[in-house]
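Secondary and tertiary structure notes
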Amino acid sequence: MVNPTDIKKIDFLIQFALLCAGQDEEWKQRELGSIHLIKYVYLADYHYALTHGGRTYTGLQWRFYKFGPWEETCFLRIEPALQAIDAEKRVFSHPKYEDDFIRWSCSNSRLYEELHKQLPLEIAGQLTNYIRKFSSDTEGLLDFVYKTPPMLSAAPNEILVFGSRLESISSEEAIDTQKATRRQEKKLKEKLELLRSEMSKKLKQKKNVKGKRFRPPAPRYDDVFFENLAQIDRIAGEPITPQECVMEVSEDAWRSKARFDNDLS
């Protein structure tokens, strides 16, 4: 159970996420659903925990649920938090699904700036970047959130642990990656300059060479060609026919190093 102070923080994050999306020029990107808002609150807690000894900003107890982090209190706060800023609610149905879809939108630059100032810098900056990158892109957002360290170190229905050793390793690797990227960029620029110089020399040499340019003969689609093509098909064997099957995954897979070690994936 969270205290009133935490409720206020949850509401702030939900409101900020929607208001941030409301700054987008594309109206389709301004609408967010519950699934987007919950994931953005999670990302805010995740980044806050990285620099606060594993303590989250909201105090919510996140859980690995289905395909991502979930927290019921956060879900229940969406409607009252957004009603408080007069957000527009749109409800629509889909023939393939039983439940209705709900999308929220709110464009208020003044309120957005006010909330931006009240949130910690490590949250406001990171969250703004994520919302500008994913906005209402459900697939991209879920894929990114699923690969965060707290998710990769937990199994379904387990409580997510922030500030774990895995997150520390991830942060160190990110710093090392940035350093490596700078070195790679420098080497790439050097290679490109060398390649441009060599290409320039070759072009000058070609201009000085006289004579007809070699043109390869057109391909012949004769009996020999089609016989060789048939022979390749025979070597390949019988074509694979589509089948339905059930795949079972061991529970040990959730603790596998392959989930968070890129060298093994």
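The secondary structure content of the protein amounts to 9 helices and 4 strands. Counting over 265 residues, the protein shows a buried share of 31%. Expressed as a percentage of contacts within the protein between residues at least 6 apart in sequence, the contacts between residues at least 24 apart total 69%. Carbon and sulfur atoms make up 53% of the accessible area of the protein, which amounts to about 19400 Å² in all.

Bringing the pattern of salt bridges into the picture now. Across all of its chains, the model carries 7 salt bridges by this definition. With its nearest N and O atoms 3.3 Å apart, the salt bridge here joins Lys-147 to Asp-143. Residue Asp-143 is classed as partly exposed on the basis of its relative accessible area of 40%. As a salt-bridge pair, Arg-234 and Glu-227 come within 3.1 Å of each other at their nearest N and O atoms.

As a further point, take a nonpolar patch on the surface. A cluster of nonpolar side chains, contributed by Tyr-221, Phe-225, Phe-226, Leu-229 and Ile-232, occupies part of the molecular surface with about 530 Å² of accessible area. Relative to the assigned elements, Tyr-221 resides in the loop between helix 8 (165–208) and helix 9 (223–236).

The end-to-end C-alpha separation of helix 5 (residues 121–134) is 20 Å, in line with the 20 Å expected for 14 residues at 1.5 Å each. When we look at burial in helix 5, the residues that qualify are Ile-123, Ala-124, Leu-127, Thr-128, Tyr-130, Ile-131 and Phe-134. A positive backbone phi angle near 50° is found at Ser-135, which sits one or two residues after helix 5.

Of the positions making up helix 6 (residues 138–146), those classed as buried are Gly-140, Leu-141, Leu-142 and Val-145. Where the residues of helix 6 are buried, they touch helix 2 (34–50), strand 2 (68–70), helix 5 and helix 7 (149–152).

Tallied over the entire structure, the rule returns 14 aromatic pairs. Between Phe-64 and Trp-254, the ring centres sit 5.5 Å apart and the planes meet at 85°, which makes this aromatic pair edge-to-face. Linking Phe-64 in strand 1 (residues 63–65) with Trp-254 in the segment after helix 9, this pair joins segments that are 190 residues apart in sequence. The buried category is assigned to Phe-64, whose relative accessible area is 0%. Taking relative accessible area as the criterion, Trp-254 reaches 25% and is therefore assigned partly exposed. Centroid distance Trp-70 to Phe-75: 5.3 Å. Interplanar angle 35°. Geometry classified as tilted. A relative accessible area of 35% means that Phe-75 is categorised as partly exposed.

With respect to the element layout, His-36 can be found in helix 2. Among the polar contacts listed, one links the side chain of His-36 to the backbone nitrogen of Gly-33, at a separation of 2.8 Å. With sequence-adjacent residues up to four places away left out, His-36 is seen in contact with Arg-103, Ser-135, Ser-136, Thr-138 and Leu-141.

This brings us to the nonpolar core. Formed by 49 residues in total, the largest nonpolar core has its most connected members in Leu-37, Tyr-40, Tyr-42, Trp-62 and Leu-82. Within the residue set of this core, elements represented by two or more residues are helix 1 (4–21), helix 2, helix 3 (72–83), helix 4 (109–118), helix 5 and helix 6. With residues near it in sequence (within four places) discarded, Leu-82 still touches Ile-14, Gln-15, Leu-18, Leu-37, Ala-87 and Trp-104.

Procedures and definitions
Here, residues in each chain are numbered from 1, in the same order as that chain's written sequence. Per-residue local features of the predicted model are confined to residues with pLDDT of at least 70, and side-chain atom pairs are confined, for both listing and counting, to 80 or more; whole-chain, interface and lining totals are unaffected and use all residues. Calculated side-chain values reflect all of the structure's heavy atoms, with hydrogen atoms and water omitted. For the purposes of this entry, the term helix denotes a DSSP run of H or I that reaches at least four residues, the term strand denotes a run of E that reaches at least two, and both are numbered from the N terminus. Under the scheme applied here, a residue whose accessible area is under 20% of the maximum for its type counts as buried, over 50% as exposed, and between as partly exposed, the area being computed with a 1.4 Å probe on protein chains only. We call two residues in contact whenever any of their non-hydrogen atoms come within 4.5 Å of each other. With residues, only the protein chains shown are counted as cover, and all accessible areas are computed by Shrake-Rupley using a 1.4 Å probe. Any Lys or Arg side-chain nitrogen found within 4 Å of a carboxyl oxygen on Asp or Glu counts as a salt bridge. By definition, no residue in a patch forms a salt bridge, and every one has over 30% relative accessible area; like charges are joined within 9 Å, nonpolar side chains (Val, Leu, Ile, Met, Phe, Trp, Tyr) within 5 Å. In this analysis, the expected span of each helix is defined as 1.5 Å times one less than the number of residues it contains. Ring pairs are drawn from Phe, Tyr and Trp, using the six-membered ring of Trp, whenever the two centres fall within 6.5 Å, and their geometry is named by plane angle: stacked under 30 degrees, edge-to-face over 60, tilted for the rest. Throughout this description, a polar contact denotes any pair of N or O atoms lying within 3.5 Å of each other; where both atoms belong to protein, one of them has to be capable of donating a hydrogen while the other can accept it, and for residues adjacent in sequence the pair is counted only when both atoms sit in side chains. Nonpolar cores are built from buried Ala, Val, Leu, Ile, Met, Phe, Trp, Tyr and Cys residues. Side-chain atoms within 4.5 Å join them into one set.

As far as function goes, none of this settles anything; it's purely spatial.
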